[in-house]
Amino acid sequence: MRGNTIRAALIAGLLTVGASAAADEMTSAELLAFQCAGCHGFNGHSVGPATPSIAGISKEYFVQAMLDYKEGNRYATIMDRIAWGYSEAEIEAMAEFFAAQPYRPAPQDFDAELAARGAAIHDSNCNNCHSEGGTYPEYDSAQLAGQWVPYLEDAFQDFIEHGRPQPRGMQRRLADFSDADVQALIHYYASQQDPAAYVHAD
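A short tour of the structure in this document, coming up. Computed from a predicted model, the values in this text were never measured in an experiment.

Moving on, we come to the nonpolar core. If you look at the biggest cluster of nonpolar residues, it comprises 24 residues, and the most contacted ones within it are Leu152, Phe156, Phe177, Leu185, Ile186 and Tyr189. Within the residue set of this core, elements represented by two or more residues are α6 (112–125), α8 (149–161) and α10 (179–191). Broken down by element, the residue count for this core peaks at seven residues, all from α10. When near neighbours in sequence (up to four residues on either side) are disregarded, phenylalanine 156 contacts Leu174, Val182, Leu185, Ile186 and Tyr189. Counting residues in hydrophobic clusters, the runner-up holds 20 residues, among them Ile54, Tyr86, Met94 and Ala95.

A separate point is unusual backbone geometry. With a phi angle near 60°, asparagine 43 is a residue other than glycine that sits in the positive phi range. Positionally, asparagine 43 belongs in the loop between α2 (37–40) and α3 (59–70). The class for asparagine 43 is partly exposed, based on a relative accessible area of 23%. Even without being glycine, glutamate 132 reaches a positive phi, approximately 55°. Looking at the element boundaries, glutamate 132 is found in helix α7 (residues 131–134). Residue class for glutamate 132 comes out partly exposed when judged on its relative accessible area of 47%.

Summed over all chains, the structure comprises five aromatic pairs. Ring centres of phenylalanine 62 and phenylalanine 98 lie 5.7 Å apart, and the angle between their planes is 40°; this geometry places the pair in the tilted category. With phenylalanine 62 in helix α3 and phenylalanine 98 in helix α5 (residues 88–99), the pair connects residues that are 36 residues apart, well separated along the chain. Take phenylalanine 62: its relative accessible area is 5%, and that puts it in the buried class. Pairing tyrosine 188 with tyrosine 189 gives two aromatic rings, centres 5.5 Å apart and planes at 45°, and the pair type is tilted.

Rules of the game
- Residues numbered from 1 in each chain as written.
- Predicted model: local features only at pLDDT ≥ 70, side-chain atom pairs only at ≥ 80, totals over all residues.
- Heavy atoms only, no water.
- Core = buried A, V, L, I, M, F, W, Y, C linked by side-chain atoms within 4.5 Å.
- Buried < 20%, exposed > 50% of the residue type's maximum accessible area, 1.4 Å probe, protein only.
- Helix = DSSP H or I, 4+ residues; strand = E, 2+ residues; numbered from the N terminus.
- Contact = heavy atoms within 4.5 Å.
- Phe/Tyr/Trp six-rings, centres within 6.5 Å; stacked < 30°, edge-to-face > 60°.

What follows is the structure in structure tokens.
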């Protein structure tokens, strides 16, 4: 009887330790992610027009972006220095955390006429890689739809003027786009403000 009691106590202790370790792991991921809130907003929901929302981002893309910043392979103003301070394990933990957060499109004004033109441009040129109107978090790119207009303008500038890495097909298309085409695309992405559009079946 005493042996059974001891075994039960040991099992209970192991379960408690396991639960505690899991809680510590989750807390660590949350704490790591919280350090990003100053720019990317609480849980990755940006409230600053110059920075993207990273809630709902794919794990693969988050990890690759952070490693590219860390290794100096991606143009940055500050993210290269920030990424340098994290280990790969910490980056993986943050990726898991942000991927699990629901995406919230930015509430902002947009030009409906430009958005309609941008929808046609996107469907003809961009949807193969940025599917479902740019709402889907691809393994090699973040959501374009629902991001702040100033951030999107900066991102396009990084691709066009600062040599931000991009697939050859995207490079060719951007070279053919006029400034008006780019603005139309930006307003199309900004126009997609229905949260339900960002809920995708896995």
